[in-house]
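Examining the three-dimensional arrangement
Below, each chain spelled out in residue letters.
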Number of protein chains: 2
Amino acid sequence: MSESTILHRRNFLAGTAAGAVSVASSARAQSPAAEAPKPDPGKPGAKGLPAPLAWKDPNAFIVHSNQTVETKRGHTGSGVITPIGRLFIRNNVNPPPDGIVADRDAWRVEIAGVASPRTLTLAELKRIGLASVATVLQCSGNGRKYMQDALQPGQRISGTPWTVGAAGCVIWSGVPLKAVVDALGGPAGGARFVTGTGGEDLPAGLKPKDVIVERSVPISTLDTVLLAWEMNGEPLPLAHGGPLRMIVPGYSGVNNIKYVKTVALTEAETDAKIQAASYRMHGVGAKADPAQPSIWEQPVRSWITAPLEGGPAGRTVVTGVAFGGMNAVARVEVSTDGGRSWTDAPFVGPDLGRYAWRQFALALDLPAGTHVLVSRATDAAGHVQPEDTPPNGGGYSYNGWRGPAVTVETA
Amino acid sequence: MSESTILHRRNFLAGTAAGAVSVASSARAQSPAAEAPKPDPGKPGAKGLPAPLAWKDPNAFIVHSNQTVETKRGHTGSGVITPIGRLFIRNNVNPPPDGIVADRDAWRVEIAGVASPRTLTLAELKRIGLASVATVLQCSGNGRKYMQDALQPGQRISGTPWTVGAAGCVIWSGVPLKAVVDALGGPAGGARFVTGTGGEDLPAGLKPKDVIVERSVPISTLDTVLLAWEMNGEPLPLAHGGPLRMIVPGYSGVNNIKYVKTVALTEAETDAKIQAASYRMHGVGAKADPAQPSIWEQPVRSWITAPLEGGPAGRTVVTGVAFGGMNAVARVEVSTDGGRSWTDAPFVGPDLGRYAWRQFALALDLPAGTHVLVSRATDAAGHVQPEDTPPNGGGYSYNGWRGPAVTVETA
């Protein structure tokens, strides 16, 4: 029996000797299992959830508003892919009526900026090709709370105070945009952006350009964009952009256009407010303008998902998720002393590709006392997650390792 | 514009010109989306499903009996992982009452055949380690119907006539058995098998050994067996073996013990009937005995999932799933002429590892007429899926490519 085996065994037995109650409490923190009696996203009467989301797991969310629903920390599951019933919701405009998913194959999307522009039905898209990609779907403002908490007196960042729950890992299935463009004769030429337009009904009395959900991303994404009709093997729910969503792997949530009704290869970025005067990287208190970087590619990030509560001293499994945004995540380290010392944590589970997140799980022995648990990821390009993310006016793209620290007491 | 692009474009446009109705019909065959308005496995009042399974998708199943429920072909989704609400059900004995999932962390499993035998709670298992693995969960009799259909006069194979729907691809999360064994001092010595015992309530009036669900697998699986409490990121449902199931990657369904209550490293195989006198490889009409090969490792296999109905001539996307059982799947070929000629089909979507299945999608142009679509997989060890599988008395391990052929008419 190896030294480490002896150590693990002794501490494991010591840990379990500390009392069933504490152990159960610790174990609950490590898995949503005990809180969710059934894998039942369709369960009616979800407490606190807006009516259109009543089919989701009532125990899994923090409801900020009808259009901003955050997954509770530790509720994304341990299976790499986030169950649809636990995935966060963020909408800029109210979704269209659910009649649009009554006959999914009849949904129409206009493809412009190609040699032979056409409006295609979803049924026609399905005859062009099929691909699947796993991506981290994350609101551009995920982690904003940590940025807000670190502001100087007099500074203010508005927006939903997301912690880590405006993110999940999803497998999307649909047709590669490149295959659709090729089937229509290829790009018309001069295209520098892929511009997607959402099918939301625009509120009356407002300038369409001020409310329309229309985003432009660099033409370089043409090789990876997917027009998706399935999410985790299920028909894409209206709440997540069904019947058809434009998925831009590696890009933050707002760029993944729901109920997409137009996809155009364009020479310029759209002048819609959500692109021109919002989701820009600028200083706190400054105004957004088109010259500033747009919120596109996601930075490297990680956080711990368990334990989130105290428990007995002894053997503990520290778990979390890590991703690299545009690059595969290459390494993740865990600290139990708030970042003074670090230990590499092994990734567990299947590797779903560069745009997905990976789970990590480090079994270690926590002596009795207070422990500050943090994780730090490094992507394949060498980008290391910083201790803190300098504040920006919109509270976007937070990726510090300090913010999501977890303090637990063991006895 | 390349020749192939021109060809694809011409045929694509020609195909779509053939009529929206046919296109829609073809598209429906290619995705269950149109039939399942919502990703709603919790939808009540599932038609035809046994009451305990009423939370599953009512449109996704063929109900053979209360304990044998098959996923309709083409309803496993295109996202690699099979949604729980669409996954088949096969039980040898009625499941225990659902009270056993009321407090999951209190479930107890006895670990025997180790230096320090112990009964551990699920809460304690969660403090030992975490791992995830994607595997094809498949009933040993999946495809039996094709074997039954090919029998000679006078021959008979009893058992559920599964076609391709007693299979799915699942991500399991739990603790590696090896980590549990190490924490308890390692194997006691002399172990040649891993023997798992299910927690079913045994029917009164029968010899326990005749009905107990207890299976032994070779000790070589000790490095890969998982004691799983999550399935696709959800707490493992009772219907699929929750709160705890013993997963043996690459092995057929019966070896993956539900509600596992004992895991023992043993010198001999169990003498339970389900191991000694059932699930054995023997001739049609012969009796099972322990000297015959047990139904353990799954062979290489594939089948087409779309199209399953006719449609317009022109561009069509032929999709399916392929897996290698114990080995990764290395190649899959598609034939549209019943196996006279073959074309390599590209895999699509993330590779979830050697025990998972992979999706394939081949875009091709089907002229007007009758087409017999089949697929043929080859695993990483060079095993090629045979045209037919010689019949065996139990109707197990069918993996021929001929049986699941799909005939479609295009016009």
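The residue numbers shown here count from 1 along each chain, following its written sequence. Written order decides the labels, with chains lettered from A and ligands numbered from 1. Two thresholds apply to this predicted model, a pLDDT of at least 70 for residue-level local features and 80 or more for giving and counting side-chain atom pairs, whereas whole-chain, interface and lining totals are computed over all residues. Water and hydrogen atoms were dropped before computing side-chain values, which therefore reflect all heavy atoms in the structure.

Going by what an unreviewed UniProt entry lists, chain A is known as Sulfite oxidase and is assigned to Methylobacterium variabile. The record in UniProt for chain A states the following under Cofactor (unreviewed entry): "Mo-molybdopterin". UniProt positions are given in the numbering used here, feature names are shortened, and annotations may be inferred rather than shown by experiment.

1. Details of the pairing of strand β20 (residues 369-379) of chain A
Residues and elements named next belong to chain A. Within β20, eight of the 11 residues are buried, which leaves it mostly tucked inside the rest of the structure. Pairing between strands requires that DSSP locate at least two bridges from one strand to the other. A run of DSSP states H or I qualifies as a helix once it reaches four residues; a run of E qualifies as a strand once it reaches two. Both are numbered from the N-terminal end. Pairing of strand β16 (residues 329-335) with β20 involves six bridges; the strand directions are antiparallel. Bridging from a neighbouring strand, Arg331 pairs with Thr378 of β20. Pairing analysis gives five bridges linking β20 to strand β21 (residues 406-410), with the strands arranged antiparallel. Looking across to β21, one finds that Val372 is bridged to Thr407. With a 1.4 Å probe rolled over the protein chains alone, any residue whose accessible area is under 20% of its type maximum counts as buried; one over 50% counts as exposed, and the rest are partly exposed.

2. Observations concerning the pattern of salt bridges
Salt-bridge detection follows one rule: a side-chain nitrogen of Lys or Arg within 4 Å of a carboxyl oxygen of Asp or Glu. In the structure shown here, the tally under the stated rule is 27 salt bridges over all chains. The partner of Arg86(B) in a salt bridge is Glu234(A), and the shortest N-O contact between them spans 3.0 Å. Of this pair, Arg86(B) sits in the loop between β2 (68-71) and β3 (89-90) while Glu234(A) sits in strand β11 (residues 234-235), on two different chains. Among the residues examined, Arg86(B) registers a relative accessible area of 0% and is labelled buried. Ionic pairing is found between Lys209(B) and Asp271(B), a salt bridge with its closest N-O pair at 2.8 Å. Here Lys209(B), found in helix α6 (residues 208-211), pairs with Asp271(B), found in the loop between β13 (260-266) and α7 (273-276); they are 62 residues apart in sequence, far enough to count as distant. Here Lys209(B) falls in the partly exposed class, since its relative accessible area comes to 40%. The network of salt bridges with common partners includes Arg331(A), Glu333(A), Asp344(A) and Arg376(A).

3. So, the domain arrangement of chain A
How big an interface is tends to be expressed through the accessible area that disappears when the partners come together. Residues and elements named next belong to chain A. Where a domain begins and ends is set by an automatic assignment or by a domain database. What the domain assignment lists for chain A is domain 1 (90-277) and domain 2 (301-410). Between the C-alpha centres of domain 1 and domain 2 there is a distance of 29 Å. Contacts between domain 1 and domain 2 engage 25 residues on the former and 21 residues on the latter. Values labelled buried area give the accessible surface lost by two parts on being combined, using a 1.4 Å probe and summing over both. Taking both partners together, domain 1 and domain 2 bury about 1,800 Å²; carbon and sulfur atoms supply 68% of that area. Considering only the side of domain 1, the residues that lose the most area to domain 2 are Val136, Tyr146 and Met147, jointly responsible for 30% of the buried surface there. Contacts are assigned to residue pairs with any non-hydrogen atoms lying within 4.5 Å of each other.

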